[in-house]
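Below are the chains, spelled out letter by letter.
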Amino acid sequence: MIRFILADLRRLWAGSLVVVLLVALATALGVCVVLQERALRLGSARAADKFDLVIGAGGSETQLVLSSVFLQPSPLPLMPGEVLARLAADPRVDWAAPIGFGDSFSGYPIVGTTVTLAEKLSGGFAEGKVFAQEGEAVIGSAVKLPLGGEIKPMHGSAEEGGETHTELIYHVAGRLRPTGTAWDRAVLVPIQAVWHIHGMEAHEPAEEGTGHDRESASVTGTGHEHQEASDHNAGDEHHGEPNPDAALNENWTADTPGLPAILVKPKTIADAYKLRQDYRSGNTVAVFPGEVLTNLYATLGNAKQILVAVAAGAQTLVAASLVLVTVIHIGQRRRQIGALRAFGAPRGAILGIVWLEFFFLLAVGIGLGLVFGYVAALTLSGLFSETSGIAMPVGFAREDAGLAAALLAFAAILAALPAALAYRQSPAQALRA
């Protein structure tokens, strides 16, 4: 029986190949959706795990997390620098690191922060050391620069027509170990250098509506509106004088310039919840990145259902096409079936041959679909990781075995249709066709 099936498949290889490819592509679409959605959830969750608590000015919690954890460019409002001074002195806080962003270099975001965050972010350095002067920088593992390389900060990005700052040129002092987060593509510089470049003096807090405030706000994002505000008030600008050899001062006071976000490491879980409660009132908001991502996952879940429905629709169309192909195929093989019956082949044997042949094609298509879907998800995740820096783990889970079993069960049922048609044909009718 097996020899007969293999010989039949070789004889009808073109039609068999079409059936296999149809099934493979339909299966791959569904598998790719499932794997890609899971990779996105796992990758973003692991990236957010490195940050326990994020505090920022009042506004969108989602945007605060996207900007501070995933380094997505967006203008954020500034909160008073005294918030950082309070957190630094709070006994419930292990460390608190301010971040300021808005500048870039060759597509890499430049993030102003502290020595503490640079040392804690990846657990050490692949090469070099942490920045110790205002003109030094630490780069993520994916930044393509050598130690000692020059970094000329640009306000915003080249695509937005950003302007290169001429006040200071950073030199790479160290490279972090890989973290699997967006910070692998970041350039970390001393926060005081960012303040000096943007004219944010520690003794002169910005007031809303002034040209100084509009220039300071440009540290929080790369929006055109901030760049235009700076241009329109060029006559009022009073940039600081960054000194590349200046020592770092990370003793925060109430006169500390405004900040878009602060990353906080509480000492205990209880402290984390107390801090979040304390800083969720007034002019600040405190969030757990994981909670914000949960809300995003709910949205992704709805999108996933839509994509799965589209994939199911495509698979239904393929199944309908296969039914049509099957009916035509059995009609073309009526003489062959009649000959087998005339030579004494029992109906059960005919049923088994046709069922096994068609089920084999469907099973091969499903197997190839699993491979194609995995490769497609791996490719898409690789492209996303390259642009975002977030590691996207693609892999099958235990529940995927249920999906494969369901597909094979459906294939077994679908293969029964041509087998039943062949089973019902009489030898005389088949030979007269």
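Predicted model, so just to flag it, every value in this text is computed and none were measured. (Residues numbered from 1 in each chain as written. Predicted model: local features only at pLDDT ≥ 70, side-chain atom pairs only at ≥ 80, totals over all residues. Heavy atoms only, no water.)

A word on the pattern of salt bridges. With the rule as written, the count across this model stands at 10 salt bridges. Between Arg92 and Asp278 there is a salt bridge, with the nearest N and O atoms lying 2.8 Å from each other. Of this pair, Arg92 sits in the loop between α4 (82–89) and β2 (93–105) while Asp278 sits in helix α9 (residues 269–278), and the two are 186 residues apart along the sequence. By relative accessible area, Asp278 is classed as partly exposed at 40%. Among the salt bridges present, the one from Glu127 reaches Arg175, with a minimum N-O distance of 2.9 Å. Highlighted residues: Glu127 in strand β4 (residues 125–128) and Arg175 in strand β9 (residues 170–176), separated in sequence by 48 residues. (Salt bridge = Lys/Arg side-chain N within 4 Å of Asp/Glu carboxyl O. Helix = DSSP H or I, 4+ residues; strand = E, 2+ residues; numbered from the N terminus. Buried < 20%, exposed > 50% of the residue type's maximum accessible area, 1.4 Å probe, protein only.)

Ile99, Leu117, Trp183 and Leu188 are the most contacted members of the largest nonpolar core, which totals 35 residues. Listing elements by their share of this core, those giving two or more residues are α2 (13–48), α3 (61–68), β2, α5 (115–120), β11 (261–266), β12 (284–287) and α10 (289–332). Element by element, the count of residues in this core is highest for β2, at four residues. Ranked by size, the runner-up nonpolar core spans 22 residues in total, among them Ile55, Met79, Trp195 and Leu259. (Core = buried A, V, L, I, M, F, W, Y, C linked by side-chain atoms within 4.5 Å.)

Turning next to the environment of Leu380. Structurally, Leu380 is set in helix α12 (residues 347–388). On the basis of relative accessible area, Leu380 is assigned to the partly exposed category, the value being 43%. Distance from Leu380 to Gln36, taken between C-alpha atoms, is 7.7 Å for residues 344 residues apart in sequence. In this view, Leu380 contacts Cys32 and Gln36; residues no more than four positions away in its chain are not counted. (Contact = heavy atoms within 4.5 Å.)

Once that is clear, we can look at the side chain of Gln36. Structurally, Gln36 can be placed in helix α2. Its relative accessible area of 17% is what places Gln36 among the buried residues. Polar contacts involving the side chain of Gln36 include one to the side chain of Ser381, which spans 3.2 Å. Once residues lying within four places of it in the same chain are set aside, the contact partners of Gln36 are Ala377, Leu380, Ser381 and Met392. (Polar contact = N/O pair within 3.5 Å; in protein donor to acceptor, adjacent residues only side chain to side chain.)

Counted by the stated rule, this structure contains five aromatic pairs. Aromatic pair Phe51 and Trp183: ring centres 5.7 Å apart, planes at 40 degrees, arrangement tilted. In this pair, Phe51 sits in the loop between α2 and β1 (53–57) while Trp183 sits in the loop between β9 and β10 (187–190), placing the two residues 132 residues apart along the sequence. The exposure class of Trp183 is buried, given its relative accessible area of 0%. Note on Tyr273 and Phe288: the rings are 5.0 Å apart at their centroids and 75 degrees apart in plane angle, and the pair reads as edge-to-face. Here Phe288 lies in the loop between β12 and α10 and Tyr273 lies in helix α9, a separation of 15 residues in the sequence. Of the residues examined, Phe288 reaches a relative accessible area of 11% and is grouped as buried. (Phe/Tyr/Trp six-rings, centres within 6.5 Å; stacked < 30°, edge-to-face > 60°.)

Let us look at α4. For α4, every residue scored as buried is listed here: Val83, Leu84, Ala85 and Leu87. Looking at the buried positions of α4, the neighbouring elements they touch are β1, β2, β11, α9 and β12.

A few words on a nonpolar patch on the surface. On the surface, a nonpolar cluster with roughly 900 Å² of combined accessible area is contributed by Trp13, Leu17, Leu21, Leu25, Phe360, Val364, Leu368, Val371, Phe372 and Val375. Of all elements in the fold, only α2 and α12 reach the threshold of two or more residues within the nonpolar patch. For the nonpolar patch, the leading source of residues is α12, giving six residues. Its location among the elements puts Phe360 in helix α12. Phe360 gets classed as partly exposed once you look at its relative accessible area, which sits at 42%. (Patch = residues over 30% accessible without salt bridge, like charges linked within 9 Å, V, L, I, M, F, W, Y side chains within 5 Å. Areas by Shrake-Rupley, 256 points an atom, 1.4 Å probe, with all protein chains shown as cover.)

Residue alternation in β12 divides its side chains into two sets, Thr284 and Ala286 and Val285 and Val287, and both sets are buried. Here β1 pairs with β12 via four bridges, running antiparallel. When the bridges of β12 are listed, Val54 appears paired with Val287. (Pairing = 2+ DSSP bridges.)

A relative accessible area of 14% means that Arg175 is categorised as buried. A polar contact of 2.7 Å, which involves the side chain of Arg175, links it to the backbone oxygen of Val143. Among the polar contacts made by the side chain of Arg175, one reaches the main-chain carbonyl oxygen of Leu145 at a distance of 2.3 Å.

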